Amino acid sequence: MNPYPAVDPIPLPAPIWLLKLLHIVTLALHFVAVEMLLGGLLIAVVLSLFRSSPQAMVTARAVARRLTVVMTFVINLAVPPLLFAQVLYGRALYTSSVLIGVYWISIIGLLMLTYWLLYRFTARLEAGKSAWWMGLTAWLLAGSIARLLSTNMTLMLRPEVWRQMYSSSALGAYLPTGDPTLTPRWLLMMAGGLFIGGLWLVYLAGRSTFTAEEKKFVAGLGGKIAAGFGVIYLLAGLWAASVQPEAVKAGLAGQAAYPLYKLAGFAGYGWLALVVVAVLVGAVAGLGKISAGWLGWVGAVVVVLTEIMFTVYRDGVRDLTLLSKGYDVWDRVVVTNWSVVGLFLVLFVAGLVVVGWLVSVVARANKVMEGAA
Ligand code: HEM
């Protein structure tokens, strides 16, 4: 018997390939912002402990000031992939969300608390007060949100445990156990935070209004963090890939009903190669304390490409796992409403133009020296 609910009340309003494309692009951007938040916050917390070091405090404040803005990107870039995921995988995702309902709904409260703590952390740093415990609490909460998201995104792939979970409690108050993919997947995201957070510092060193000495400090520190945690990120990725079911591995090698998923397998190799490039960028910046703008830009472009590759691979893992359990995401009734799709795309592009204009206004604005509290 197919374990997924058969109900699919309305047809999809746009081609599946278009929904998947938009899902992957927006989710990759969510991941860039998430990693900047997770890594940048922990780096700022650790630096804030060195209150007698002016360079550490300048860097901690510079990162903290930007984190509240990064959080707006985390949230705004989370809503589109959530909507696309629900459209494409609703029958799996709704079920798993209900099964962990208490935890799932708690994300809203955890998120508000994290956001508030971020503002408090930044304000205390600006005022020259001890702030590490506020930042650390925010980081632990953000890590818990990440854990709950990993839990739901893996539970949606395990219909075989749903009935037993529901029989144990219909309240949604229990978390699933026994999934070998959950912890490596979560660790991958957590290590990726410090990896990308380090590259973010390299970028800031090249762009911001630090003094020459501060630039060297920021680039040297960021590069070393990126290189070190890039290796851990890479190992966590290999671990997460190695614990996938055999059917998924075969599918990624192109041996499934859809040879298309070979592309996702290639994306996995692309991810690996890009992480190696990024580790080298980090090592060059870190060891040479190089704060050149172009190096920061190379790091930034590599990060975005890395997250796109990662998201394509991750999408392949999900589709192939679901396929092995009877859920074929391509097997859906589609009745495309082209006028609505066209209007959506026009507004989407207009939105991008407006965001580009806003970014250019910020770039042209008068800069305040980072050191000025
Ligand atoms: C501090 C805030 C947040 C953090 C740290 C965070 C972290 C993460 C992580 C680690 C994942 C990957 C999970 C995995 O597959 O293993 C993820 C995926 C996801 N996040 Fe976020 N997230 C945050 C906020 C949000 C919010 C507010 C929303 C919803 C409005 C959201 C929506 C999603 C969705 C829908 C996915 C998975 C999409 C998919 O697989 O199709 N996230 N997030």
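Residues numbered from 1 in each chain as written. Predicted model: local features only at pLDDT ≥ 70, side-chain atom pairs only at ≥ 80, totals over all residues. Heavy atoms only, no water.

> Would you mind going over the packing of aromatic side chains in detail, with residue names and values included?
Counted under the stated rule, the structure contains 9 aromatic pairs. Three or more aromatic residues joined by ring pairs form one cluster here, namely Y4, Y89, W162 and Y327. One Lys or Arg, R318, reaches over the ring of Y89 and ends 4.4 Å from the middle of that ring. (Phe/Tyr/Trp six-rings, centres within 6.5 Å; stacked < 30°, edge-to-face > 60°. Lys NZ or Arg CZ within 6 Å of the ring centre and 35° of its normal.)

> Lay out the environment of G268 with the relevant residues and their values.
Tracing the sequence through the fold places G268 in helix α10 (residues 261-288). For the pair G268 and N337, spaced 69 residues apart in sequence, the C-alpha separation works out to 34 Å. (Helix = DSSP H or I, 4+ residues; strand = E, 2+ residues; numbered from the N terminus.)

> Residue-level account of helix α1 (residues 16-48), with values.
Taking 1.5 Å of rise per residue, 33 residues should cover 48 Å, and α1 covers 47 Å from first to last C-alpha, within 8% of that figure. The element α1 is largely enclosed, with a buried count of 28 among its 33 residues. (Expected span 1.5 Å × (residues − 1). Buried < 20%, exposed > 50% of the residue type's maximum accessible area, 1.4 Å probe, protein only.)

> Provide a residue-level description of the site of the ligand, including the pertinent values.
In the vicinity of the ligand there are 22 residues, among which H23, H30, S150, R314 and R318 approach most closely. At a separation of 2.8 Å, an oxygen atom of the ligand approaches a polar side-chain atom of S150. Within the side chain of R318, one N or O atom sits 2.8 Å away from an oxygen atom of the ligand. Of all the elements in the fold, those that place two or more residues in the shell around the ligand are α1, α3 (79-99), α5 (132-155), α7 (182-207) and α11 (293-324). Among the residues forming the shell around the ligand, the class breakdown is 16 nonpolar, 3 polar and 3 charged. (Near = heavy atom within 4 Å. Polar contact = N/O pair within 3.5 Å; in protein donor to acceptor, adjacent residues only side chain to side chain. Nonpolar A, V, L, I, M, F, W, Y, C, P; charged D, E, K, R; others polar.)

> Tell me about the coordination of the iron atom of the ligand, and name the residues and values.
If you check the protein contacts of the iron atom of the ligand, you find one donor only, H30 (NE2), at 2.2 Å. Within the secondary structure layout, H30 lies in helix α1. (Donors = N, O, S within 2.8 Å, 3.2 Å for Na, K, Ca; no water.)

> Please set out the packing of helix α2 (residues 54-76) against helix α8 (residues 212-242) residue by residue, giving values where relevant.
How two helices sit against one another is set out by the angle between their axes and by the gap between those axes. Packing of α2 against α8 leaves a shortest axis separation of 10 Å and a crossing angle of 75°. The pairing of α2 with α8 is recorded here as roughly perpendicular in orientation. Every residue of α8 that contacts α2 at Q55, A56, V58 and T59 is listed here: E213, E214, F217 and V218. For the contact of α2 with α8, the per-class residue count stands at 4 nonpolar, 2 polar and 2 charged. (Axes fitted to C-alpha atoms, helices over the stretch in contact; angles between N-to-C directions. Parallel < 35°, antiparallel > 145°, perpendicular 65-115°, else oblique. Contact = heavy atoms within 4.5 Å.)

> Lay out the nonpolar core with the relevant residues and their values.
Core analysis: the largest hydrophobic core is formed by 74 residues, its most contacted members being L37, L41, F121 and Y233. Among the elements of the structure, α1, α2, α4 (101-126), α5, α7, α8, α10 and α11 are those that each provide at least two residues to this core. Top element by residues in this core is α1. It accounts for 14 residues. Among all residues touching Y233, those that are not within four sequence positions of it are E35, L188, A191, G192, F195, W271, V275, T306, E307 and F310. L12, L99, A264 and L320 belong to the second-largest nonpolar core, a separate cluster that totals 33 residues. (Core = buried A, V, L, I, M, F, W, Y, C linked by side-chain atoms within 4.5 Å.)

> Let's hear about the side chain of T154: which residues, and what values?
Among the secondary structure elements, T154 is positioned in helix α5. One polar contact links the side chain of T154 to the main-chain carbonyl oxygen of S150, over a distance of 2.8 Å. When near neighbours in sequence (up to four residues on either side) are disregarded, T154 contacts D179, T181, L182 and R185.

> Can you break down the side chain of D319 residue by residue, with the values?
Examined against the element boundaries, D319 turns out to sit in helix α11. Looking at D319, its side chain comes within polar contact range of the side chain of K20, at 2.6 Å.

> Can you lay out a nonpolar patch on the surface for me, pointing to particular residues and giving the numbers?
A cluster of nonpolar residues, W17, L21, V25, L29, W297, V301, V304, L305 and I308, forms a patch on the protein surface that exposes about 800 Å² of accessible area. Broken down by secondary-structure element, the contributors of at least two residues to the nonpolar patch are α1 and α11. If one sorts the elements of the nonpolar patch by residue count, α11 sits on top with 5 residues. Given a relative accessible area of 35%, I308 falls into the partly exposed group. (Patch = residues over 30% accessible without salt bridge, like charges linked within 9 Å, V, L, I, M, F, W, Y side chains within 5 Å. Areas by Shrake-Rupley, 256 points an atom, 1.4 Å probe, with all protein chains shown as cover. Salt bridge = Lys/Arg side-chain N within 4 Å of Asp/Glu carboxyl O.)

> Give me the lowdown on the pattern of salt bridges, citing residues and values where you can.
Taken as a whole and assessed by the stated rule, the structure comprises 8 salt bridges. Among the salt bridges present, the one from D315 reaches K20, with a minimum N-O distance of 2.9 Å. Taken together, the residues D315 in helix α11 and K20 in helix α1 connect sequence positions 295 residues apart. Like K20, D315 is buried.

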